[in-house]
Amino acid sequence: MASEEEKRYKDIGFMCGLEIHQRLATAKKLFCDCPTRLKESSETMANIARYQRAVAGELGAIDVSAQFEELRNRKFVYNVDKTNSCLVEVDEEPPHGLNREALLTALAFASSMNMKIIDELQPMRKEVVDGSDPSAFQRTILIGIDGEIAVSGYKIKMPSLFLEEESCGIVSNTETESVYSTDRLGIPLVEIDTDPYIPTPAVAKEAALHIGTLIRTSGKVQRGIGTIRQDVNVSIRDGARVEIKGLQDVALIDKFIENEVIRQQKLLEIKDILILENAKVEEPREVTVIFRDTKAKVVRQQLDKSGVVLAFALKGFAGILGKEVNPGRRLGTEISDYAKMGNVNGIIHSDENLSAYGFSDGEMGELRKQLSMTQNDAFIIIAAKREYAEKAIKFAVGRAKHAMVGVPLETRATASSELCTTKFLRPLPSGSRMYPETDAKPIMITGDMQRYGMRQAPDIEKEKEIISKLVENRDVAAKLLTSPKLSLFKRLVEETSTDPKLIANVLLQKFTELRRNGMDVDSISEESLIDTFIAYHKGKITKQAIDEVLKHLAKKEGKVDDIIANNDLDRVKGEKLRKLIESMGTKAKQTDINLLRNEIMAKYRLKIDGGELNEMLKK
Amino acid sequence: MASEDISYIEWGKLADTVAKEINSGARGVVIAHGTDTMHYTAAALSFMLTDLNAPVVLTGAQRSSDRGSSDAFLNLAASVRIAAESDIAEVGICMHASSSDEKMAFIRGTKARKMHSSRRDAFRAINDTPIAYVTKKGSIEIVGDYRKMEKRPPKARAETKFEPLVALIKVYPNSDPEIIEYYLEQGYRGFIMEGTGLGHTPILTEHPGRSWLTNIKSAIGEGAVVGMASQCIYGRVHENVYKPLRMLSAAGVVYCQDMLPETAYVKLAWLLGNNSNERAKELLAKNITGEINERITFDEFLD
């Protein structure tokens, strides 16, 4: 039954797996008693600065990505949030007991994916190297193993579900320091993994949608921007495992995976050429003198700040650095991303339009001479403060050498969400970054807890029935189910007593329409939406006015009541409407009811309910 | 009476008097007290005055009132403000917030501690923020959470039973655990250990007769309640981080969260005065009147 597409991906040795991270909507954090509900902006009560070092994992090996980050010698600053953090977040107090609500939710999720539940849970520390956790580790607990879900006719194996702590949110990032806020740190999240045998990018997308829907139907997950993130692991035969981190939009997952496959294919093509060319990357050397009088702005600026110019030759690389590996990205771009880790702006290479930079032929000639280059060769130069330039060129040489080996193992992040391309973030962590959390006791899972998990396991089919009944339409129900707005829909139905069909229509169609017109409807708070629907339900505004209110809310123009008042959106009804009809009728001497109706509606479309008007005109 | 001479008998009398005043219409009470043991009295009143619906303020002076520079006047004036005007239905201590004659802090009775032998700002909120500040001019600025007075007449009940056979024991290098046997022979029913760091006593020591585990086990075996607080004063004890902690906790020692050792002592003795040993053990690490905070925030240290 293998499709054409499946066969195509099988032939290239395609491997793909998902990691889905979803924040849970518990009252308290995973290992302390701070509330998980975040305020719109965090309130800092102190700033603390820390430096972190790479430590050996339980196997005694220092992780390559940890070492890499330590190399960068960064300062980490934590804005200590007042409402949502205590001493536990800033690593000044041992963890409290494991949050039971989070544990039970994770058990329910594991059950819904037919997993085996681990009967004695051992909290572990997973080393975190980018400073996003003040303790330099994240607590994680394996809850379930060996599960399976059915997605578009395929059985997808689900080898693991973890309960983890959320990391800090980043506030700012400069050359030498990263600033984080502790407010969201420690919020419980689940990590749900598939095995690496998802057959095609399309099935990967379906699987991500399915898992997202499944956990959302539980009603136990946080919603809003950043509360769900999906990581994708991709490789092809002779390529390498690459982890694309933090994809927010599930709808684009397949595109990102397709592009990663293409990138690896292109890198392998490049490798083949380089081997044929007998290519070689030379050691870097300082060439500052050549550019003493340069008019090239990017170099001039650095030299004026007493910077240096370093360069290296790439034998047999002529034309290779300019080869496109993904839309808008060349091999040169890939190398540049590595160099940037040394705090430089980027690299300049020989496949670029060098005269556009302002380099003279004399400078280029001298550079080629000093690097003993022939027509077959390429060069890379970096101009920056010596300390940064030296570090950066080491990273660049390393990456350039790997072009002759193939695809580097990497963690990558979104470069462009329009083009669905990615860029290097850091080397892929190896397995040595976990060790037991000795501050927290192992947790025994009792039969009661297991049974609770099974009873509470979310069930998509059941949920579909419930939603279908509410909206009286299976297609709309299906759309709602896979939409991130599902929980919001349920809350609005429950709290505003408005017709579920209207709510579904607004959340699915109107929102899409307004989004297309550039309105930031997703930033509207749930409370404002509740107020809007209540205003409609109580007859304060008309159905048509809902759109208007939303537009103003998206522009952050204040509270719903103010928006209604400031924009003259109060519904005219009852006695007032009767008087309005009378005055319009007299003024225009209008006796034809249809014409009168059209005239009134043209003028007061947003303020009058068409049904009520018709009723009244009949009288 | 000098405050170091005050005992649970006086605490009981004070509680009775305060309750009587409140039940006969006082909307708040100010108690002038010697400062040395004022935080013990404040803790005792916090537990003894149940169903409290009025502010009860203890205050004193670090400079005697016979000198013009005394802090007594401002402390007293601020205390009266709290008692007469605030809606704080708690027992607390109101003293200078800093060395300047500018601001007085009202600190929860179970979280206050005298932290300096002579300074005016000796009393500090430990693992907590003050409930309020009172300025020299008399305005009250609320800064912490507190139990609000309910819309019913001021009221209090005094539950003054107290078990005097409870000991507060500090461990230190070379300390002799046999002291527990002495207390048990005297019929003691409860012990608060002032442990080191996260709540340790010597256990895995190589010196014979210096491990506290055996003696603690024998106390628990005889039905006594053993609680653990930290001599660090600031911070929380923990029962998992190190092996000796797990051994003590497995032996039945109750880890008293972020409670002050003095407060834990008063609480256990009050609990044992009113409950069975089992029930007292159950309640020791549960918050009753603000003595345990689930969260210690970053700003709640020294300053």
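Residues numbered from 1 in each chain as written. Chains lettered and ligands numbered in written order. Predicted model: local features only at pLDDT ≥ 70, side-chain atom pairs only at ≥ 80, totals over all residues. Heavy atoms only, no water.

### A look at the nonpolar core
Link 1 in the chain: Membership of the largest hydrophobic core comes to 128 residues, with the highest contact counts inside it found for Leu103(A), Ile143(A), Leu163(A) and Phe317(A).
Link 2 in the chain: By size, the runner-up hydrophobic cluster in this structure holds 50 residues, among which are Val29(B), Leu45(B), Phe123(B) and Val266(B). (Core = buried A, V, L, I, M, F, W, Y, C linked by side-chain atoms within 4.5 Å. Buried < 20%, exposed > 50% of the residue type's maximum accessible area, 1.4 Å probe, protein only.)

### Digging into the sheet that holds strand S12 (residues 190-195) of chain B
All names here are of chain B.
Link 1 in the chain: Pairing is parallel across the open sheet formed by four strands, whose spatial order is S11-S12-S13-S14. Both edges of this open sheet fall to strand S11 (166-170) and strand S14 (254-255), since each of them pairs with a single strand only.
Link 2 in the chain: Bridge count between S12 and strand S13 (residues 225-230): six bridges; the pairing is parallel. Looking across to S13, one finds that Ile-192 is bridged to Gly-227.
Link 3 in the chain: Where helix H7 (residues 261-274) meets the sheet, it contacts S11, S12 and S13, and its direction lies at approximately 170° from that of S12.
Link 4 in the chain: Lying over the sheet, helix H8 (residues 277-284) contacts S12, S13 and S14, oriented at roughly 20° with respect to S13. (Pairing = 2+ DSSP bridges. Helix = DSSP H or I, 4+ residues; strand = E, 2+ residues; numbered from the N terminus. Contact = heavy atoms within 4.5 Å. Axes fitted to C-alpha atoms, helices over the stretch in contact; angles between N-to-C directions.)

### Quick look at the environment of Val397(A)
Residues and elements named next belong to chain A.
Link 1 in the chain: Relative to the helices and strands, Val-397 resides in helix H10 (residues 386-402).
Link 2 in the chain: Note on Val-397: relative accessible area 6%, which makes it buried.
Link 3 in the chain: Beyond its immediate sequence surroundings of up to four residues, Val-397 is in contact with Val-281, Pro-284 and Phe-312.

### Quick notes on the domain arrangement of chain A
Residues and elements named next belong to chain A.
Link 1 in the chain: Once the domains are mapped, chain A shows domain 1 (4-273), domain 2 (280-403), domain 3 (459-566) and domain 4 (574-618).
Link 2 in the chain: Here the C-alpha centroids of domain 3 and domain 4 sit 29 Å apart.
Link 3 in the chain: Contact with domain 3, which involves four residues of that partner, is made by six residues of domain 4.
Link 4 in the chain: Summed over both partners, the interface of domain 3 with domain 4 comes to about 390 Å²; 53% of that surface belongs to carbon and sulfur atoms.
Link 5 in the chain: Together, Thr-542, Gln-544 and Glu-548 form the three largest contributors to the area buried by domain 3 at its contact with domain 4, with a combined 88%.
Link 6 in the chain: For the pair domain 3 and domain 4, the number of links is zero salt bridges.
Link 7 in the chain: Between the two partners, domain 3 and domain 4, sit three residue pairs in polar contact (both at pLDDT 80 or more).
Link 8 in the chain: Tallied by class, the residues present in the side of domain 3 that touches domain 4 amount to one nonpolar, two polar and one charged. (Domains from an automatic or database assignment. Buried area = accessible area lost by both parts, 1.4 Å probe. Salt bridge = Lys/Arg side-chain N within 4 Å of Asp/Glu carboxyl O. Polar contact = N/O pair within 3.5 Å; in protein donor to acceptor, adjacent residues only side chain to side chain. Nonpolar A, V, L, I, M, F, W, Y, C, P; charged D, E, K, R; others polar.)

### Section: the pairing of strand S9 (residues 169-173) of chain A
Residue and element names in this part refer to chain A.
Link 1 in the chain: As defined by bridge partners, S9 adjoins strand S10 (residues 177-181) across four bridges and the pair is classed as antiparallel. Across the sheet, the residue bridging to Ile-170 is Tyr-180, located in S10.
Link 2 in the chain: Between S9 and S10, which pair antiparallel and follow one another directly, the connecting turn spans three residues.

### Looking at the interface of chain B and chain A
Quoted interface sizes are often the accessible area lost when the parts come together.
Link 1 in the chain: Contacts between chain B and chain A engage 13 residues on the former and 22 residues on the latter.
Link 2 in the chain: In this assembly, chain B packs against chain A so that about 1,500 Å² is buried in total across both faces, 57% of it on carbon and sulfur atoms.
Link 3 in the chain: At the junction of chain B with chain A, the criterion picks out four salt bridges.
Link 4 in the chain: Here Glu93(A) makes a salt bridge to Arg236(B), at a shortest N to O gap of 2.6 Å.
Link 5 in the chain: Inspection of the chain B/chain A interface yields nine residue pairs in polar contact (both at pLDDT 80 or more).
Link 6 in the chain: Grouping the constituent residues of the side of chain B that touches chain A by class yields four nonpolar, three polar and six charged.

### Topic: the domain arrangement of chain B
All names here are of chain B.
Link 1 in the chain: Structurally, chain B comprises domain 1 (3-158) and domain 2 (166-284).
Link 2 in the chain: Listed per partner, the contact involves 17 residues of domain 1 and twelve residues of domain 2.
Link 3 in the chain: Buried area between domain 1 and domain 2, both sides added, is near 1,300 Å², and the carbon and sulfur share of it is 67%.
Link 4 in the chain: Applying the counting rule to domain 1 against domain 2 returns two salt bridges.
Link 5 in the chain: With its nearest N and O atoms 2.8 Å apart, the salt bridge here joins Arg-113 to Glu-262.
Link 6 in the chain: Joining domain 1 to domain 2, the criterion identifies five residue pairs in polar contact (both at pLDDT 80 or more).
Link 7 in the chain: Those elements giving two or more residues to the side of domain 1 that touches domain 2 turn out to be helix H2 (38-48), strand S6 (112-114) and strand S7 (123-125).
Link 8 in the chain: Considering each element in turn, the side of domain 1 that touches domain 2 owes the most residues, six residues, to H2.
Link 9 in the chain: Counted by class, the side of domain 1 that touches domain 2 contains ten nonpolar, four polar and three charged residues.

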